[in-house]
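These are the residues of each chain, in order.
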Amino acid sequence: MSALLVLEDGRTFRGEAFGALGESVGEAVFATGMTGYQETLTDPSYHRQVVVMTAPHVGNTGINDEDAESGRVQVAGYVVRDPTLTPSSWRSSRSLPDELERAGVVGVSGVDTRALTRHLRERGAMRVGVSSVESDPEALLARVLAAPGMLGADLAHEVSTREPYVVPADGPKRHVVAALDLGIKRMTPALLARRGVETHVLPAWSSADDLLALDPDGVFVSNGPGDPAATDGPVEAVRGVLAAGVPLFGICFGNQILGRALGFGTYKLRYGHRGINQPVRDNATGRVQVTAHNHGFAVDAPPEADTGFGRVVVSHVNLNDGVVEGLRCLDRPAFGVQYHPEAAAGPHDAAYLFDRFAEQMGGR
């Protein structure tokens, strides 16, 4: 069955339907990873986004029940060049097309994803419609243009847990962490658990009082979708944690929320950083790490600044484009990074940041 993809600037691609039949509209973004497609599909940060895979062959290891980063497929749509219909892996329990169909996610295959990616790199991330029930590009374009964009989108509450839950420590419990779930990935509390941390995961609308009521040794602010400039509740919660002097660690969206809490602005990147090959320099050591990314917004911060919570420095920088990739408070036990040290599919260059968080909590 044929399928249609129409970008908001009118660029049209035709392909074949796979996964669920239907229609979906979201923000078109591309991901450069050749591995980890199951983690990408289930990452809450991709909520309301149509993901274009730059790797031409996707799905060869199928889908299993162990590697998902959340309880469901999160993407709004999925675009690949050549999906594998019959996977080959001893861990696979079903195919990629079957998983998309089960999740009700519209996929389009047979698309020239190289041309589509080049278009997005030149024109920037934009709204897109994917459909296996519409053959008229103009009709689909009208619905794309009527859909909301990512600017101003407050989405964390749509993917957050509804009720608090606890992930116990592996072995002896050394610390207790309160995690603000803005779209948390399962690997984050798993990595904390390996370091003796019991993680209490709280909904996105939790206040500083809710987080601090657990008397935690530290507070974690997770990744998530949407525009940080439109997400005010978590900013106030982080300000309360900073005022209390409790160690804090933020990842990706959590880093942007930390930036806003410190008084910095945020802005939308042209096409964002997504994939597993981004070079980031740690300014304190000069070391360059290859890192996993998934974000369309960034913090607008100077190299050094005095804020209402003391001195703050930019701790990490993207070597491709100079984007701020991390913040570190000098007068408070708080820091954040824009990339993903918890990336399950790798690379794992930045996993030491969880040890740094544990060291901060060790002083309490």
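Scroll up to find the structure.
In this text the structure is predicted, and so the values were computed from the model without any measurement.

Draft legend 1. Geometry of the sheet that holds strand β6 (residues 77-79). Pairing within the closed barrel is mixed, and its 7 strands lie in the order β1-β2-β8-β6-β4-β3-β9. Recorded for the sheet is a direction-independent mean angle of 35 degrees between the axes of neighbouring strands. Bridge analysis of strand β3 (residues 23-31) against strand β4 (residues 49-53) gives 5 bridges, and the strand direction is parallel. Note that in β4 the partner of Glu27 across the bridge is Gln49. Most of the contacts of helix α2 (residues 96-103) go to strand β2 (residues 12-19), to which it runs at about 90 degrees, and overall it touches β2 and β6.

Draft legend 2. Structural context of the packing of aromatic side chains. For the structure shown, the criterion picks out 5 aromatic pairs. Measuring from ring centre to ring centre gives 5.6 Å for Phe249 and Phe354, while their planes differ by 80 degrees; the resulting arrangement is edge-to-face. Of this pair, Phe249 sits in strand β14 (residues 248-251) while Phe354 is found in helix α10 (residues 352-362), placing the two residues 105 residues apart along the sequence. For the pair shown, Phe249 and Phe354 are each scored as buried. The structure contains a cluster of three or more aromatic residues connected by ring pairs, namely Phe220, Phe249, Phe335, Phe354 and Phe357. Over the face of the ring belonging to Phe297 we find Lys268, whose NZ or CZ atom lies 5.7 Å from the ring centre. The ring of Phe335 carries Arg356 above its face, with NZ or CZ at 5.9 Å from the centroid.

Draft legend 3. Layout of the pairing of strand β11 (residues 175-180). In terms of burial, β11 is largely enclosed, as 6 of its 6 residues are buried. For the segment spanning β11, helix α6 (residues 187-194) and strand β12 (residues 197-202), crossover handedness is right-handed. Taken together, the 4 bridges between β11 and strand β13 (residues 218-221) define a ladder with parallel strand orientation. Opposite Ala179, over in β13, you have Phe220 as the bridge partner.

Draft legend 4. Representation of the pairing of strand β18 (residues 310-318) in the model. Extensive coverage of β18 is indicated by the burial of 8 of its 9 residues. Looking at chain direction, strand β15 (residues 265-282) and β18 are connected through 3 bridges and run antiparallel. Looking across to β18, one finds that Val280 is bridged to Asn318. Pairing analysis gives 4 bridges linking strand β17 (residues 304-307) to β18, with the strands arranged antiparallel. Looking at the pairing, Glu304 lines up with Val313 of β18. Connecting the antiparallel pair β17 and β18 is a turn made up of 2 residues. Connecting β18 to the next strand, strand β19 (residues 324-329), in antiparallel fashion are 5 residues, including Gly322 with a positive phi near 80 degrees.

Rules behind the numbers
Residues numbered from 1 in each chain as written. Predicted model: local features only at pLDDT ≥ 70, side-chain atom pairs only at ≥ 80, totals over all residues. Heavy atoms only, no water. Pairing = 2+ DSSP bridges. Helix = DSSP H or I, 4+ residues; strand = E, 2+ residues; numbered from the N terminus. Axes fitted to C-alpha atoms, helices over the stretch in contact; angles between N-to-C directions. Contact = heavy atoms within 4.5 Å. Phe/Tyr/Trp six-rings, centres within 6.5 Å; stacked < 30°, edge-to-face > 60°. Buried < 20%, exposed > 50% of the residue type's maximum accessible area, 1.4 Å probe, protein only. Lys NZ or Arg CZ within 6 Å of the ring centre and 35° of its normal. Right-handed = clockwise from strand over helix to strand, strands pointing away.

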